[in-house]
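# Fold and geometry: a report
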Amino acid sequence: NEKLKEGFSSGSVQREAKWIKIIDQWDRILSKKSSKVRPCQKGIPASLRAKCWPLLCGAANRMKQHENLYKTLDEQPALQSWVDVIERDLDRQFPFHEMFQSKDGHGQRGLFRVLKAYTQYQPDEGYCQAQGPVAAVLLMNMPAQAFWCLVQISEQYLPGYYSPLLEGVLFDAAMLTWVLKKTCPAAHKHLQNHGVEPLMFATDWLMCLFTRHLPFNTLLRVWDLFFCYGVRVLLQVAAVLVRRVLGRAEQRKQCQGQMETLEKLRGVKEEVHDEDDEFIAEVRFRFLNLIGL
């Protein structure tokens, strides 16, 4: 056991040193998309996520280009209608996390400021409830850059996800049907036979970036991949979750109809353990096969 711990610690130190080198040479190494791919596959060290996520998603550049914009938005009063809706949702985001337990604590106040600023930055979109847990995870990891990371996710990674008509979600739910057919045909056939469409179970998965459906440390590993590869990772995560719920014949036999199938899919968190390396490995393997890498 001591040797295993020593080896793990050594590997973690080496990975951290590798990422520090990548950060130092960011413009030269990772400005090309082809170079972005490989370092993220084994996960970003927890100590460096606050630096790496904003660099990967472009939030660091946006923040430099608009240095005082968030401060300006933060100081401006928002529409009272948005304020009321946001405030109602604050204590629903990670209520058992110490950062968000107190109504007047820095977590809930910080979350309010980020979400309120976004309604002013994108008044045509305003506030969408699914942005709450996404912004909360960003605040846990990088409070200084959470707003600009949320902007990049909403504009660059998931365009149309948080608009009133949810165009982006509708498109990607249709794409998920294709991914399921290609990667887990038996589960796909079961869904078809019982009239279960991806929109019926995966809308919340995709819009919330799995914040409500994966154990926290596994979620962070998924986000590492997401910031490297984009929305295609979310589709593959969804496919792996469906496979875990409906991949075996005996699992499908237990779901005799639409309601039973949806109930199983909505309880998908039980199928993934915290720091589930096997789950992340399956996502990586199936995703890389799907895109031909």
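This report concerns the structure included in the present document. (Residues numbered from 1 in each chain as written. Predicted model: local features only at pLDDT ≥ 70, side-chain atom pairs only at ≥ 80, totals over all residues. Heavy atoms only, no water.)

## Thoughts on the overall build of the protein
- Summing up its helical and strand segments, the protein has 19 helices and zero strands in all.
- In the protein, which comprises 293 residues, the share counted as buried stands at 53%.
- At a minimum sequence separation of 6, the contacts of the protein that also span at least 24 residues come to 75%.
- Accessible surface computed for the protein: about 15200 Å², of which carbon and sulfur atoms make up 52%. (Helix = DSSP H or I, 4+ residues; strand = E, 2+ residues; numbered from the N terminus. Buried < 20%, exposed > 50% of the residue type's maximum accessible area, 1.4 Å probe, protein only. Contact = heavy atoms within 4.5 Å. Areas by Shrake-Rupley, 256 points an atom, 1.4 Å probe, with all protein chains shown as cover.)

## A few points about the environment of Ala46
- Here Ala46 lies in the loop between α3 (33–36) and α4 (49–57).
- Given the relative accessible area of 62%, Ala46 is considered exposed.
- On a C-alpha basis, the gap between Ala46 and Glu16 in space is 8.9 Å, while along the polypeptide they are 30 residues apart.

## With respect to unusual backbone geometry
- Its identity as a non-glycine residue notwithstanding, Phe94 has a phi of 50°, on the positive side.
- As for its position among the elements, Phe94 is in the loop between α7 (80–89) and α8 (106–121).
- Unlike most non-glycine residues, Phe210 shows phi in positive territory, near 65°.
- Assignment of secondary structure puts Phe210 in the loop between α14 (203–207) and α15 (216–229).
- Of the residues examined, Phe210 reaches a relative accessible area of 0% and is grouped as buried.

## Remarks on the pattern of salt bridges
- Taken as a whole and assessed by the stated rule, the structure comprises nine salt bridges.
- Of the charged contacts, one joins Arg49 and Asp224 as a salt bridge, the two residues approaching to 2.9 Å between their closest N and O atoms. Separated by 175 residues along the polypeptide, Arg49 in helix α4 and Asp224 in helix α15 bring together distant segments of the chain.
- Taking relative accessible area as the criterion, Arg49 reaches 6% and is therefore assigned buried.
- With a closest N to O distance of 2.8 Å, Asp89 and Arg92 form a salt bridge.
- With relative accessibility at 51%, the residue Arg92 sits in the exposed group. (Salt bridge = Lys/Arg side-chain N within 4 Å of Asp/Glu carboxyl O.)

## Remarks on the side chain of Asp224
- A relative accessible area of 0% means that Asp224 is categorised as buried.
- Looking at Asp224, its side chain comes within polar contact range of the main-chain nitrogen of Ile44, at 2.9 Å. (Polar contact = N/O pair within 3.5 Å; in protein donor to acceptor, adjacent residues only side chain to side chain.)

## Focus: the packing of α8 against helix α10 (residues 146–157)
- Where α8 meets α10, the closest approach of the two axes is 10 Å, and the angle between their N-to-C directions is 50°. Relative to α10, α8 is oriented oblique. Crossing handedness for the pair α8 and α10: right-handed. Counting all contacts with α8, which are made through Val114, Leu115, Ala117, Tyr118 and Tyr121, the residues of α10 involved are Ala146, Phe147, Trp148, Leu150, Val151, Ser154 and Glu155.
- Tallied by class, residues from the contact of α8 with α10 come to ten nonpolar, one polar and one charged. (Axes fitted to C-alpha atoms, helices over the stretch in contact; angles between N-to-C directions. Parallel < 35°, antiparallel > 145°, perpendicular 65-115°, else oblique. Left-handed = near helix turned anticlockwise from the far one by under 90°. Nonpolar A, V, L, I, M, F, W, Y, C, P; charged D, E, K, R; others polar.)

## Describing the environment of Glu263
- Inspection of the secondary structure assignment puts Glu263 in helix α18 (residues 258–266).
- What makes Glu263 exposed here is its relative accessible area of 61%.
- Along the primary structure Glu263 and Phe201 are separated by 62 residues, whereas in three dimensions their C-alpha atoms are 9.2 Å apart.

## Some words on the packing of aromatic side chains
- Evaluation of the coordinates by the stated rule reveals 15 aromatic pairs.
- Consider the rings of Tyr118 and Tyr121, whose centres lie 6.4 Å apart with planes at 45°: the pair is tilted. With Tyr118 and Tyr121 both in helix α8, this residue pair falls three residues apart, about one helical turn. Like Tyr121, Tyr118 is buried.
- Measuring from ring centre to ring centre gives 5.3 Å for Phe201 and Trp205, while their planes differ by 65°; the resulting arrangement is edge-to-face. Residues Phe201 and Trp205 agree in their burial class; the two are buried.
- Grouping aromatic residues by their ring pairs yields a cluster made of Trp53, Tyr157, Trp223, Phe226 and Phe227.
- The ring of Phe112 carries the charged tip of Arg109 above its face, separated from the ring centre by 5.3 Å. (Phe/Tyr/Trp six-rings, centres within 6.5 Å; stacked < 30°, edge-to-face > 60°. Lys NZ or Arg CZ within 6 Å of the ring centre and 35° of its normal.)

## A short note on the packing of α8 against helix α9 (residues 131–141)
- Remark: α8 packs on α9, axes separated minimally by 10 Å, with the N-to-C direction vectors making an angle of 120°. One element, α8, and the other, α9, form an angle in the oblique class. Between α8 and α9 the crossing geometry is right-handed. Note on element contacts: α9 touches α8 through Gln131, Gly132, Ala135, Ala136 and Leu139, opposite Gly107, Gly110, Leu111, Val114, Leu115 and Tyr118.
- Each residue belonging to the contact of α8 with α9 can be placed in one class, and the counts come to seven nonpolar, four polar and no charged.

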